[in-house]
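Residue-level listing of the chains:
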Amino acid sequence: IILVFVSAISLLGIIAVVVLMNYTGDSADKEPSIDEVIKYSVEIPEITTNLTDNTLIRVTYMMETDGKKAKEELEKRIFQVNDIVIKELSEMKAEQLNDKKGKLEFENKLKEQVNELMQEGKVIQVYTTSSILQ
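As a starting point, this report considers the structure included with it. Quick caveat: nothing in here was measured; it's all calculated off a predicted structure.

To continue, consider unusual backbone geometry. You will see that Asn 54, though not glycine, has its phi angle at about 65°, which is positive. Here Asn 54 shows up in the loop between strand 1 (41–50) and strand 2 (56–65). Taking relative accessible area as the criterion, Asn 54 reaches 63% and is therefore assigned exposed.

So this is what it looks like as structure tokens:
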């Protein structure tokens, strides 16, 4: 009886250690390293267009995807991304893009619209790498 009792406690201890290691150790929810971010990111070439108030804007973006297949697909869809950016910017005014909040809102809108196109993954984050209003 004592042997069964000790074996049961040992088994429970091993199960507890395995569960704790899986939930507190290296999990899939951890932030990717900068090398992983770069590996799965696509640079959107500079876009120059007019805003609604006839202000000229030049922007470039970097889009982080969730994997290799998503990156490959996004590279093929750059012309569609450019189209989305130009159309969305044509409905905006310079004052909407002058502050951090406006830029973040535009990045999120861009991410949502690009993700509607994507079939092999998704865009995780959009980074504005340059922005000039003239």
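The discussion continues.
Following the criterion strictly, the structure yields three salt bridges and no others. With a closest N to O distance of 3.1 Å, Lys 87 and Asp 83 form a salt bridge. Taken as a pair, Lys 87 and Asp 83 lie in helix 4 (residues 78–89) at a separation of four residues, close to a single helical turn. Here Glu 88 makes a salt bridge to Lys 109, at a shortest N to O gap of 3.5 Å. Placement of Glu 88 in helix 4 and of Lys 109 in helix 5 (residues 100–117) is noted, with a sequence separation of 21 residues between them.

On the surface, a nonpolar cluster with roughly 430 Å² of combined accessible area is contributed by Ile 2, Phe 5, Val 6 and Ile 9. Residue Val 6 is classed as partly exposed on the basis of its relative accessible area, which comes to 44%.

Take the packing of aromatic side chains next. One pass over the full model with this rule turns up one aromatic pair. On the basis of an interplanar angle of 40° and a centroid distance of 6.2 Å, the ring pair of Tyr 61 and Phe 106 is categorised as tilted. Here the residue Tyr 61 occupies a position in strand 2, and Phe 106 occupies one in helix 5, the gap between them amounting to 45 residues. The burial state of Tyr 61 is the same as that of Phe 106; both residues are buried.

What follows covers the pairing of strand 2. Along a regular strand, successive side chains alternate from one face of the sheet to the other. Across the 10 residues of strand 2, seven count as buried, placing the element largely inside the fold. In this sheet, strand 2 lies alongside strand 1 in antiparallel orientation, the contact comprising eight bridges. Its bridge partner lying in strand 2, Ile 44 is registered against Tyr 61. Between the antiparallel neighbours strand 1 and strand 2 lie five residues, among them Asn 54 with a positive phi of about 65°. Sheet topology places strand 2 next to strand 3 (residues 123–133); nine bridges connect them, and they run antiparallel.

Cut-off values and rules
- Residues numbered from 1 in each chain as written.
- Predicted model: local features only at pLDDT ≥ 70, side-chain atom pairs only at ≥ 80, totals over all residues.
- Heavy atoms only, no water.
- Helix = DSSP H or I, 4+ residues; strand = E, 2+ residues; numbered from the N terminus.
- Buried < 20%, exposed > 50% of the residue type's maximum accessible area, 1.4 Å probe, protein only.
- Salt bridge = Lys/Arg side-chain N within 4 Å of Asp/Glu carboxyl O.
- Patch = residues over 30% accessible without salt bridge, like charges linked within 9 Å, V, L, I, M, F, W, Y side chains within 5 Å.
- Areas by Shrake-Rupley, 256 points an atom, 1.4 Å probe, with all protein chains shown as cover.
- Phe/Tyr/Trp six-rings, centres within 6.5 Å; stacked < 30°, edge-to-face > 60°.
- Pairing = 2+ DSSP bridges.

That is the geometry; function is a separate question.
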